[in-house]
Amino acid sequence: MNYNWDWGILFRDPYLGWIIQGLGWTLAISLLAWIIAFSLGSALGVFRTASSPVLRALATTYVEIFRNIPLLVQLFLWYFVFPELLPDDWSRWVKRDMPFPALTTAVVAIGLYTASRVCEQVRSGIEAVGPGQRQAGRAIGMSEVQVYRYILLPNAYRIIIPPLTSEFLTIFKQSSLALTIGVVELTAMTRQIEEYTFQGFEAFTAATIVYSLVTFTVMAVMRQVDRRTALPGTFSKGAA
């Protein structure tokens, strides 16, 4: 049985538009979720290394809960279970009246999950800076907040650029899970093209190329950022 290849369908209307539209939703989910993950994860990373045992306990509890539950399960919990636990009016708003409920749920779920991973990256970066710089900052009269703001975090972020890049690429790839709750992103659009044309090989090959182009572009950009911001004496490739 011979397969009838037809690469031309990828450039016909409306299939090319579907791929572009799916890529747009994928990028929107990835970028919005990354804003949540980076902001919350950075705060939690600071809490994990703070002098307050209460803050450390809160951050540790968050990480252990969100990091150890599969993302797909969390998506279903946020989308199907969480609204049912709210009062009737709030539940109705979350399920029906909230703008883009499926998209919003996907962004929040992926962002909160990845924040637990970013937290550990930030924590490791702060600890890699070493206690000496923290002590030096306190010795010259800086508060703990100032030590983090002017010494620890600027140095930590430079050290952890490669793992943070990997976390963003992970978000970009995990955005495909949003199709399970009805978000028509790139993978969902690809499946839709397959259902309409029965040209699954061509459709999924196109999606693979698009995913690869985006990830390679991000990696190339962040490699340059790493080189320009690398700290002398670290193991970063940018320091070579």
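About the criteria used
- Residues numbered from 1 in each chain as written.
- Predicted model: local features only at pLDDT ≥ 70, side-chain atom pairs only at ≥ 80, totals over all residues.
- Heavy atoms only, no water.
- UniProt positions renumbered as here; feature names shortened; annotations may be inferred.
- Helix = DSSP H or I, 4+ residues; strand = E, 2+ residues; numbered from the N terminus.
- Buried < 20%, exposed > 50% of the residue type's maximum accessible area, 1.4 Å probe, protein only.
- Contact = heavy atoms within 4.5 Å.
- Phe/Tyr/Trp six-rings, centres within 6.5 Å; stacked < 30°, edge-to-face > 60°.
- Salt bridge = Lys/Arg side-chain N within 4 Å of Asp/Glu carboxyl O.
- 1 Å grid on protein atoms, 1.4 Å probe; cavity = no way out; pocket = protein on both sides within 12 Å on 5 of 7 lines; lining within 4 Å.
- Points joined across faces, edges and corners; volume = space filled by probe spheres on them.
- Nonpolar A, V, L, I, M, F, W, Y, C, P; charged D, E, K, R; others polar.

The name given to the protein chain in an unreviewed UniProt entry is Putative amino-acid permease protein YxeN, and the organism recorded there is Roseovarius gaetbuli. What UniProt records for the protein chain under Sequence similarities (unreviewed entry) is the sentence "Belongs to the binding-protein-dependent transport system permease family. HisMQ subfamily."

S.K.: I would appreciate a short explanation of the UniProt feature "transmembrane region" (unreviewed entry) in the protein chain in the present structure.
M.R.: Per the UniProt record, "transmembrane region" (unreviewed entry) is found at residues 20-47, 68-86, 98-115 and 201-222. Helix makes up 100% of residues 20-47 and strand 0%, with an end-to-end C-alpha separation of 40 Å. The distance separating the terminal C-alpha atoms of residues 201-222 is 32 Å; by composition the span is 100% helix and 0% strand.

S.K.: What is the right way to read the UniProt feature "domain: ABC transmembrane type-1" (unreviewed entry) in the protein chain from this model?
M.R.: Per the UniProt record, "domain: ABC transmembrane type-1" (unreviewed entry) is found at residues 23-222. For residues 23-222, the helix share is 83%, the strand share is 0%, and the end-to-end C-alpha distance is 21 Å.

S.K.: What's the story with the environment of Leu72 in this structure? I'm lost.
M.R.: Following the sequence through the fold, Leu72 ends up in helix α3 (residues 71-81). Judged by relative accessible area, which is 33%, Leu72 ranks as partly exposed. Between the alpha carbons of Leu72 and Leu177 there is a distance of 6.8 Å; along the sequence they are 105 residues apart. Apart from the residues within four sequence positions on either side, Leu72 is in contact with Leu177 and Thr180.

S.K.: What is the right way to look at the packing of aromatic side chains in this model?
M.R.: Think of a pair of aromatic rings as described by two things: how far the centres are apart, and how the planes are tilted against each other in angle. In the structure shown here, the tally under the stated rule is 13 aromatic pairs. Ring geometry for Trp34 versus Phe168: centroids 5.8 Å apart, planes at 85°, classification edge-to-face. Within this pair, whereas Trp34 is found in helix α1 (residues 15-49), its partner Phe168 is found in helix α8 (residues 161-174), the two being separated by 134 residues in sequence. In this structure Phe168 comes out as buried when scored by relative accessible area, which is 14%. Both rings, one in Tyr79 and one in Phe80, keep their centres 5.0 Å apart while their planes meet at 80°; by these two values the pair is edge-to-face. Ring pairs connect the aromatic residues Trp34, Phe38, Tyr157 and Phe168, which therefore count as one cluster.

S.K.: Please explain the pattern of salt bridges as it appears in this structure.
M.R.: Pairing is possible between side chains of opposite charge, provided their charged atoms come close. Counted by the stated rule, this structure contains 10 salt bridges. Residue Arg48 is joined to Glu120 by a salt bridge in which the shortest nitrogen-to-oxygen separation is 3.0 Å. Placement of Arg48 in helix α1 and of Glu120 in helix α5 (residues 101-129) is noted, with a sequence separation of 72 residues between them. The salt bridge partner of Arg123 is Glu127, with a shortest N-O separation of 3.1 Å. Within this pair, Arg123 and its partner Glu127 are both found in helix α5, separated by four residues, close to a single helical turn. Overlapping salt bridges bring together Arg48, Glu64, Arg67, Glu120, Arg123 and Glu127 as one network.

S.K.: When you look at the layout of surface pockets in this model, what are you seeing that I'm missing?
M.R.: With a probe scaled to a water molecule rolled over the atoms, the places where space remains empty come into view. By volume, the second largest pocket amounts to about 190 Å³. Lining the second largest pocket are Trp34, Phe38, Tyr157, Ile161, Leu164, Thr165, Phe168, Val218, Met222 and Val225. Residue assignment for the lining of the second largest pocket shows that the elements contributing at least two residues are α1, α8 and α10 (200-229). No other element matches α8, which puts four residues into the lining of the second largest pocket. Of the residues belonging to the lining of the second largest pocket, the class tally is nine nonpolar, one polar and no charged.

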